[in-house]
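# Structure assessment
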Amino acid sequence: NGGKDAVVILHLFRAALARHGEATGAWERPRLVYFEHPDEFPEVEAYLKESVEELDLGMESFKCGYAEGLTQLIDAQGG
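Residues numbered from 1 in each chain as written. Predicted model: local features only at pLDDT ≥ 70, side-chain atom pairs only at ≥ 80, totals over all residues. Heavy atoms only, no water.

### Re the overall build of the protein chain
Counting its secondary structure elements, the protein chain contains 3 helices and 2 strands. Projected onto the principal axes, the alpha-carbon positions of the protein chain cover approximately 40 × 35 × 20 Å. The buried share of the protein chain, taken over its 79 residues, is 23%. Counting only contacts in the protein chain whose residues sit at least 6 apart along the sequence, the fraction spanning at least 24 positions is 67%. Summed over its atoms, the accessible surface of the protein chain is roughly 6,200 Å², and 56% of this surface lies on carbon and sulfur atoms. (Helix = DSSP H or I, 4+ residues; strand = E, 2+ residues; numbered from the N terminus. Buried < 20%, exposed > 50% of the residue type's maximum accessible area, 1.4 Å probe, protein only. Contact = heavy atoms within 4.5 Å. Areas by Shrake-Rupley, 256 points an atom, 1.4 Å probe, with all protein chains shown as cover.)

### A short note on the pattern of salt bridges
This structure, assessed with the given rule, holds 1 salt bridge. The partner of aspartate 56 in a salt bridge is arginine 29, with the nearest N and O atoms 3.3 Å apart. Taken together, the residues aspartate 56 in the loop between helix 2 (42-54) and strand 2 (58-62) and arginine 29 in the loop between helix 1 (4-24) and strand 1 (31-35) connect sequence positions 27 residues apart. Its relative accessible area of 40% is what places aspartate 56 among the partly exposed residues. (Salt bridge = Lys/Arg side-chain N within 4 Å of Asp/Glu carboxyl O.)

### As for the layout of surface pockets
Looking at the largest pocket, its volume works out to about 700 Å³. What lines the largest pocket is a set of 25 residues, among which Gly3, Ala6, Val33, Tyr34 and Leu48 lie closest to the centre. Mapped by element, the contributors of at least two residues to the lining of the largest pocket are helix 1, strand 1 and helix 2. With 5 residues, helix 1 is the single largest residue contributor to the lining of the largest pocket. Here the residues of the lining of the largest pocket sort into 16 nonpolar, 6 polar and 3 charged. (1 Å grid on protein atoms, 1.4 Å probe; cavity = no way out; pocket = protein on both sides within 12 Å on 5 of 7 lines; lining within 4 Å. Points joined across faces, edges and corners; volume = space filled by probe spheres on them. Nonpolar A, V, L, I, M, F, W, Y, C, P; charged D, E, K, R; others polar.)

### Digging into the confidence of the model for the protein chain
Predicted confidence across the protein chain gives a mean pLDDT of 90, with 97% of residues reaching 70 or more. Across the protein chain, element-level confidence peaks in helix 1 with a mean pLDDT of 93 and bottoms out in strand 1 with 90. (pLDDT = per-residue confidence, 0-100.)

### Quick notes on helix 1
Over its 21 residues, helix 1 runs 30 Å from end to end, which matches the ideal 30 Å to within 8%, given 1.5 Å per residue. Against strand 1 lie the buried residues of helix 1. Glycine 25 sits one or two positions beyond helix 1 and adopts a positive phi of about 80°. (Expected span 1.5 Å × (residues − 1).)

### Notes on a nonpolar patch on the surface
A grouping of Val33, Tyr66, Leu70 and Ile74 is seen on the molecular surface, where their side chains present a nonpolar patch of about 400 Å² in accessible area. It is helix 3 (residues 66-76) that contributes the most residues to the nonpolar patch, 3 residues altogether. As for its placement among the helices and strands, leucine 70 is situated in helix 3. (Patch = residues over 30% accessible without salt bridge, like charges linked within 9 Å, V, L, I, M, F, W, Y side chains within 5 Å.)

And the structure:
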C-alpha cells in the first residue's frame, strides 16, 4: 500500500506528455482520477494533495468504487 506504483506511472505519464508537447507544440494539463478510500494513510492523502498543487494536475476524486466512479466520469464527459 502507499501508492508507489501510481507515483511511478504518474511521472512516466508526465514525461510522455512533455515529450508530446515538445513535438507538437501543444501542452495538456495532466488529469488524474482518484478513488478515495476510508482506510488510506494520511501521508498518502497529504502527498496526493501536495503533488496536485505542485505539479499543476487536474484531479477528479470519487468516494465510491472504481466501476461506479468511472461510470460517473464517463457520463459527466458526455460519453
